[in-house]
Amino acid sequence: MIRAATRIAGMILTLVVSSFVIFAAMYAAPGDPVTFLIGNPENMTPERVAEVKAQYNLDQPLIVQYGLWASQAFVGNLGTSFQYHQPVAELMATRLPATLALVAMASVLFIVAGVGLGILSALRQGKRTDSTITAATTLAASVPSFVIGLLLVSIFSVQLGWFPVSGAGEGFLDRLHHLALPAVALAVGAVAIVSRVTRQSMVEQISMDHVEAARSFGLAPAKLIRRHVLRNAWGPILTMVALVVASMLAGTVVVESVFGISGVGKLLVDAINTHDFPVVQAVLLYMVITYMVVTTLVDLVHPLLDPRIKAKDKKS
Amino acid sequence: MKRNDRFKPFARTGVIAGAAAFTLAISACNAAGPQAQSTPTDVSFGPTTSEAAGPIDSFTWMITQEPATFDLDKDSGTAENTIMSNVCERLMKLQPDLTTTPHLAESAEWTSDTTVVFTLRKDVTFHDGTPMTADDVLWSMQRHAAKGADESDEYANVTDMAKTGENQITVTLKQRDAIFLQAMAGNGGIVLNRKVVEAQGANFGSPSAPDACSGPLKLEKWSAGSNITLTKAADYWDADNASLTSAVTFRWADDNAIVNALTSGEAQGAYLDSPATAGPLQKSDKVQIAQGPSTNVWSLIATERGALNDERIRQALSLALNRQGVAQAAFGGLAKPWKTPVGPGAWGYEEPTFSSAYEALTGAPTQPSEEDLKKAKKLVQEAGVPAEPIVVANSGDSIRNVISSALVEAAQKIGLTAEIVTIPRQQYGDFYSDASLRAQADLFSDEYYISKNDPVGFYKNGASTARVNFVKFIGEGYDNKVKEAQATTDDAARAKLAIELEKQWTDAVVWIPVAHTPATIAMAKDITGAPSSASFLYYPWAADVGSSKK
């Protein structure tokens, strides 16, 4: 009970601190939203600048502006976009589905491929398969996702015409079709990380005494791997998968740009460039929250997978 | 000029500038990039593409970003205008050749020096079928003129608007205003269906709201974050100009994705943000490129910082600048070296007069000749070399890189030293409003355009009170000439004044003009008919698009 309370208090504190840091950082960033709000350089008279600043509370001290924003955000009002003149919540609602679908597809891809290759690598430790997988994933990890995206587009969309060039698609199948290439582009780098962690974690487990012991008792290799190796190796793998998913939720921007997907990442970059403060605030806040939610989920799931953690928790 | 998208081209490329440049290179299957391209020979230049031979079912058009709102009194930029020019009609109509004719108003007459009378057509119906009334027109004009509305500056001289007959609106102005009728072909002249706007309230202009206009196409559906569809308006009042297509779908993506969408045939056309984007598209056998007049010119804008306050230094730099090199390196040859700070799209009347006056201008050569350099060196000698190097602002994007380097090269050639300072692209627009930023550079490059097709609309920027006349240029009698030109409604007389202003401005090189970027359209070869000039922002271009084969 107390643990849950401290946990929630910690999360709230994180939110307050991070939202303030985000707020302050936007103001410290070069460029002035007034330039965008007025637009026409011929209209940039001192009077008009003052008027616009007053209209958007930009003439208030930073802390007052933060207070105004936070008190509204607390009751669920994330403000109105400078650029779109629409409630920020509505803007987010139209952009989130594409980003979430993209991350979900990429996650399935990188988890299946990453864990699969990692297991294979660990089982063939030191053999040619192992070194091939390591080399290939190292190469994949070193190529930025936008380069992979551009290559995929130019081969599979422009030249072969198998996949759409841009957009997120509408309806389930159309969306799968549209997001296939972007999901691959997003997943490639993660495959390398996850396969590496899986391999390492498995290799450690394989060399453990109890595994040796089980093997000497003549346990079938498949059972041995499932029951004794993989089960104990899950911890680090799951943590890494969660961290990668969390970072993907915040890091789709480049892939969204390459594939012309109107997602949250694209929304964020456009908002930063136009100094659309309410949108930047909201998107970054969403990112902080999803990060916290994902890591909390992992903490909750961990003990279920690994009884040793539960036991340790009870003792302490 | 309206909310400019000038700040956006670089804002949009933002974080992924590298990605975009990279794609342009690989989509062209040519890693050398635009620099390696030879001057295009197959790009036609003119106000329109060839006329369509027949109707088509539908087509998909790319824009560079999702519109922000369809309430154009709140805001409008290229994305909003490209779409709404087909949906909303205006009192006057901008034509593809950038001249203006009466439209929803069947005539517009100056009845005295300060009164203009609009006689309205009686047969116009809005998209919901209700007829347009003089009350709708008056209400719309008042909405545009309201304080804070995007178009309110167009009504700055208006003192009174009234319904003076069943089909008549009379506008009274403080002074004769030659630009006012042109403005009524822009967003300030849109006639809205009052009933529809009021029913929507604050929701008007948002993705779920219907349009409130008359026009050949109507807003069918805006799926926020995804696409926008227009469909042919049923029973459009102007049957001769009804839409040839039944539906147009708009989708948005970055420049590189637009190139891919066009080459793969997923989309059929786009008005390109920069002619440079057309480079890779020229390689495709499915896509045609055409260019037409616009007012856009990239200039090096001098600040009040110091070195360039001496007009002779500005003249010398202008003489030594290699404009041809910039047009080639930054735009793949699809921009034109230019001698004035406003493009030929501004010549909306008396075009031959403007054209020959332009030809006669000196001081901004395409490529500097030995003679030009000699003259420039002499000017520098007379003025004296500034104690500190000349500083030119860059933002790290490819166009500005080329222009800044060209300026440094020009300075070196004539015994001046110049260096480049890089300003974050997000901050670049602040040059117009932030004096402390301007104190960091003597010159910054930017693409400038005006929304009305009249050079006077630009040269008022040289008046001693103008916001963008940073070097405090005061031409003899210039301010009065601006006022006189603005009040002269006779085209020939106004052209004469405009040309005098142009001469004074360019002789003093208030800004250093570099290159004119024409409007550039890319279209699948099986469709045609769209205008290739900058008129697409206000003229119902999509209605003219049809099949290129009978």
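Cut-off values and rules
Residues numbered from 1 in each chain as written. Chains lettered and ligands numbered in written order. Predicted model: local features only at pLDDT ≥ 70, side-chain atom pairs only at ≥ 80, totals over all residues. Heavy atoms only, no water. Helix = DSSP H or I, 4+ residues; strand = E, 2+ residues; numbered from the N terminus. Contact = heavy atoms within 4.5 Å. Areas by Shrake-Rupley, 256 points an atom, 1.4 Å probe, with all protein chains shown as cover. Lys, Arg positive; Asp, Glu negative; His and termini not counted. Charge placed at Lys NZ, Arg CZ, Asp CG, Glu CD. Polar contact = N/O pair within 3.5 Å; in protein donor to acceptor, adjacent residues only side chain to side chain. Salt bridge = Lys/Arg side-chain N within 4 Å of Asp/Glu carboxyl O. Buried < 20%, exposed > 50% of the residue type's maximum accessible area, 1.4 Å probe, protein only. Buried area = accessible area lost by both parts, 1.4 Å probe. Nonpolar A, V, L, I, M, F, W, Y, C, P; charged D, E, K, R; others polar. Disulfide = S-S within 2.5 Å. Phe/Tyr/Trp six-rings, centres within 6.5 Å; stacked < 30°, edge-to-face > 60°. Patch = residues over 30% accessible without salt bridge, like charges linked within 9 Å, V, L, I, M, F, W, Y side chains within 5 Å. Core = buried A, V, L, I, M, F, W, Y, C linked by side-chain atoms within 4.5 Å.

Another point: the overall build of chain A. When helices and strands are counted, chain A shows 14 helices and 0 strands. In terms of its C-alpha atoms, chain A occupies a principal-axis envelope of roughly 85 × 60 × 35 Å. Contacts in chain A between residues far apart in sequence, at least 24 positions, make up 72% of those at least 6 positions apart. Approximately 15200 Å² of chain A is accessible, and the part contributed by carbon and sulfur atoms is 69%. Looking at charge distribution, chain A has the averaged site of its 22 positive side-chain charges lying 20 Å from that of its 18 negative ones.

Locating Ser18 of chain A in the fold gives a position in helix 1 (residues 2–28). One polar contact links the side chain of Ser18 of chain A to the main-chain carbonyl oxygen of Thr14 of chain A, over a distance of 2.6 Å.

Take the pattern of salt bridges next. Applying the stated criterion across every chain yields a total of 27 salt bridges over all chains. Arg7 of chain A is the partner of Asp299 of chain A in a salt bridge, and the nearest nitrogen-oxygen pair spans 3.0 Å. Of this pair, Asp299 of chain A sits in helix 13 (residues 277–305) while Arg7 of chain A sits in helix 1, placing them 292 residues apart in sequence. Under the relative-accessibility criterion, Arg7 of chain A is labelled partly exposed at 32%. For Lys496 of chain B, the salt bridge is made with Glu500 of chain B, and the minimal N-O distance between the two is 3.5 Å. One end of the pair, Lys496 of chain B, and the other, Glu500 of chain B, are both in helix 17 (residues 491–508), 4 residues apart, so they sit about a helical turn from each other. You can call Glu500 of chain B partly exposed: its relative accessible area is 29%.

Residue and element names in this part refer to chain B. At Lys472, a residue that is not glycine, the phi angle is positive and equals roughly 55°. Considering the arrangement of structural elements, one finds Lys472 in the loop between helix 15 (455–459) and helix 16 (478–487). Located in the positive-phi region is Val509, a residue other than glycine, with phi close to 45°. Under the relative-accessibility criterion, Val509 is labelled buried at 5%.

What follows deals with the interface of chain B and chain A. At the junction of the two partners, chain B supplies 56 residues and chain A supplies 42 residues. Of all residues in chain B, the largest losses of buried area upon contact with chain A belong to Ala68, Gln426 and Arg467 of chain B, amounting jointly to 13% of the total for that side. Linking chain B to chain A there are 3 salt bridges. For the interface between chain B and chain A, the tally reads 9 residue pairs in polar contact (both at pLDDT 80 or more). Elements supplying a minimum of two residues to the side of chain B that touches chain A: helix 1 (7–13), helix 2 (17–27), strand 9 (217–223), strand 11 (245–252) and helix 7 (255–263) of chain B. Considering every element that reaches the side of chain B that touches chain A, the biggest residue donor is helix 7 of chain B, with 5 residues. Grouping the amino acids of the side of chain B that touches chain A by side-chain chemistry returns 22 nonpolar, 18 polar and 16 charged.

Residue and element names in this part refer to chain B. A full pass over the atoms with the stated rule returns 1 disulfide over all chains. Covalently, Cys88 is tied to Cys213 through a disulfide, its sulfur atoms 2.0 Å apart. Across the S-S bond linking Cys88 and Cys213, the dihedral sits near 70°, which makes this disulfide right-handed. Residue Cys88 is located in the loop between helix 3 (78–84) and strand 3 (92–94), and its partner Cys213 is located in the loop between helix 6 (194–200) and strand 9; the two are separated by 125 residues in the primary sequence. Its relative accessible area of 4% is what places Cys88 among the buried residues. Judged by relative accessible area, which is 1%, Cys213 ranks as buried.

Tallying each qualifying case throughout the model produces 36 aromatic pairs over all chains. Pairing Phe82 of chain A with Phe277 of chain A gives two aromatic rings, centres 6.3 Å apart and planes at 45°, and the pair type is tilted. Note that Phe82 of chain A is positioned in the loop between helix 4 (62–74) and helix 5 (88–123) and Phe277 of chain A in helix 13, a separation of 195 residues in sequence. One exposure class covers both Phe82 of chain A and Phe277 of chain A, and it is buried. Here Phe250 of chain B and Trp541 of chain B contribute two aromatic rings whose centre-to-centre distance is 6.1 Å and whose plane-to-plane angle is 90°, an arrangement assigned as edge-to-face.

Another aspect to go through is a nonpolar patch on the surface. Residue and element names in this part refer to chain A. Among the surface-exposed residues, Ile289, Val293, Leu297, Leu300 and Val301 lie close enough to one another that they form a single nonpolar patch of about 410 Å² accessible area. The topology assignment puts Val293 in helix 13. When its relative accessible area of 41% is taken as the criterion, Val293 is described as partly exposed.

So, about the nonpolar core. The biggest cluster of nonpolar side chains holds 170 residues, and the ones touching the most others in it are Phe110 of chain A together with Leu317 of chain B. With near-sequence residues (within four places) excluded, Phe110 of chain A lies in contact with Val115, Ala187, Ala190, Val191, Val194, Val241, Val244, Val245 and Met248 of chain A. Grouped together as the second largest cluster of nonpolar side chains are 74 residues, Phe126, Met161, Leu219 and Trp237 of chain B included.

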